[in-house]
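One letter stands for each residue in the lines below.
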Amino acid sequence: MPAYYATAPGKIILFGEHAVVYGRPAIAVPVLQVRSKATVTFDLRSAPGKVLFRAPDINLESALSDLPENHPLAAVIWKAASAMNLSHIPACTIQVASNIPIAGGMGSGAAVSVAILRAFSTSLGHPLSDEQVSKLAYEVEVLHHGTPSGIDNTVITYAKPVYFKKGDMLEILKVKHPFTLVIGDTGIQSPTASVVGDVRLAWEKASEPFEAFFNAIGAISASAREAIESGSVELLGQLMNENHARLQDMNVSSPELDRLVEAARSAGALGAKLSGAGRGGNMIALVMPDNSEALAGALAKAGAKRTIITEVRVT
Ligand code: PMV
């Protein structure tokens, strides 16, 4: 039986999480070591419309018709079918596999959507454009998170470092010198929607200090962009430390994240911060390449459940 597959990488936010929801710029990079994969296999003997999802990572095996329309997996297919003007969906099985940690700030939801959109549209002979894929994945993110900024679907669709500001044109960053990051996972799942919701409540209660945090973080992202484009890796580390301090001020860090950030700095990182929504999930440390293994070891000793070493390449 004919089968088609597509994959999409994970991502981390280097600078600007939360502030990006309020219109400030942020920087995100793909993490190519982790991926989501979607495989579409047609079942030529069954009647059109019989679509089966198999996603063993989340213990899901279900017919499309048995899922609520706004279930993130079902929504991907309904949105793709509508964008492609399909009058009927051929019978098929959609298998989803992913080694991107769930609810860990690495974009697992957006990566699954992007992989399915590409595999499904290509299998039907009408590959969606990157712009369409990103837009539809964003619409599915709205179902997951409520008020996503759009940074996850953008960086994952284009699989390149991006400078992202809500409503602005996509900007792929020019990376002058490669740099190495170690990602440390607290192992604590932290749903983005609930942390973003808490920040919104805090902002509604005390908009002045929160606007000041967002402005400070936006300025850090702008400086970081210059540092990346001019190859000033040391400055990038300092900016990461400053960004982490502002996220602590906003009460989105946690003792576990702070412990890993401190351990990274003590082990010689040029800078470290939480990455993504916070409270759990992942932190990142900027390191000299020859120190990456030792730093990953230091993070494991300080409680990281998983570490990933990744290089941001020249673009
Ligand atoms: O999905 P995460 O955990 O990487 O968090 C996304 C980052 C936020 O800025 C907190 C939310 C958003 O939509 O940009």
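On a predicted model such as this, the values are computed, not experimentally measured, just so you know.

Peer 1: Looking at this structure, I do not really get the domain arrangement of the protein. What am I missing?
Peer 2: One widely used convention gives an interface's size as the accessible area the parts lose upon coming together. For the protein, the assigned domains are domain 1 (4-164) and domain 2 (175-312). With 30 residues of domain 1 at the interface, the matching set in domain 2 holds 48 residues. Buried surface at the junction of domain 1 and domain 2, summed over both partners, amounts to about 3,000 Å²; 64% is from carbon and sulfur atoms. The interface formed by domain 1 and domain 2 includes 2 salt bridges. Note that arginine 24 and glutamate 211 form a salt bridge whose closest N and O atoms lie 2.6 Å from each other. There are 12 residue pairs in polar contact (both at pLDDT 80 or more) connecting domain 1 and domain 2. The set of elements that each furnish at least two residues to the side of domain 1 that touches domain 2 consists of β1 (3-15), β2 (26-42) and α3 (130-145). For the side of domain 1 that touches domain 2, the leading source of residues is β2, giving 6 residues.

Peer 1: Explanation requested: the nonpolar core in the structure shown.
Peer 2: Core analysis: the largest hydrophobic core is formed by 102 residues, its most contacted members being Leu14, Phe15, Phe53, Ile94, Ile116, Phe179 and Met283. Here this core spans two domains, and each of domain 1 (4-164) and domain 2 (175-312) adds at least three residues to it. Those residues in contact with phenylalanine 53 that sit more than four places away from it in its chain are Leu60, Glu61, Ser62, Leu64, Leu67, Leu73, Ala74, Ile77, Ile94 and Ile116.

Peer 1: Would you mind going over the packing of aromatic side chains with me for this structure?
Peer 2: Aromatic rings in a pair are described by how distant their centres are and how their planes are angled relative to each other. Scanning the model with the defined rule gives 5 aromatic pairs in all. On the basis of an interplanar angle of 80 degrees and a centroid distance of 5.3 Å, the ring pair of phenylalanine 210 and phenylalanine 213 is categorised as edge-to-face. In this pair, phenylalanine 210 and phenylalanine 213 are both assigned in helix α6 (residues 207-230), 3 residues apart and thus about one turn of the helix distant. In terms of burial, phenylalanine 210 and phenylalanine 213 fall into one category: buried. Between the aromatic rings of phenylalanine 210 and phenylalanine 214, the centroid separation amounts to 6.2 Å while the plane-to-plane angle is 70 degrees, which identifies the pairing as edge-to-face. Here phenylalanine 210 pairs with phenylalanine 214, and both are found in helix α6, just 4 residues apart, close to one helical turn. Overall, the relative accessible area of 9% leaves phenylalanine 210 in the buried class. Ring-pair connections join several aromatic residues into one group, and the members of that group are Tyr22, Trp203, Phe210, Phe213 and Phe214. Its guanidinium or amino end placed over the ring of tyrosine 5, lysine 37 lies 4.4 Å from that ring's centre, counting from NZ or CZ. Against the face of tyrosine 163 rests arginine 225, its NZ or CZ located 4.3 Å from the ring centre.

Calculation criteria
Residues numbered from 1 in each chain as written. Predicted model: local features only at pLDDT ≥ 70, side-chain atom pairs only at ≥ 80, totals over all residues. Heavy atoms only, no water. Domains from an automatic or database assignment. Contact = heavy atoms within 4.5 Å. Buried area = accessible area lost by both parts, 1.4 Å probe. Salt bridge = Lys/Arg side-chain N within 4 Å of Asp/Glu carboxyl O. Polar contact = N/O pair within 3.5 Å; in protein donor to acceptor, adjacent residues only side chain to side chain. Helix = DSSP H or I, 4+ residues; strand = E, 2+ residues; numbered from the N terminus. Core = buried A, V, L, I, M, F, W, Y, C linked by side-chain atoms within 4.5 Å. Buried < 20%, exposed > 50% of the residue type's maximum accessible area, 1.4 Å probe, protein only. Phe/Tyr/Trp six-rings, centres within 6.5 Å; stacked < 30°, edge-to-face > 60°. Lys NZ or Arg CZ within 6 Å of the ring centre and 35° of its normal.

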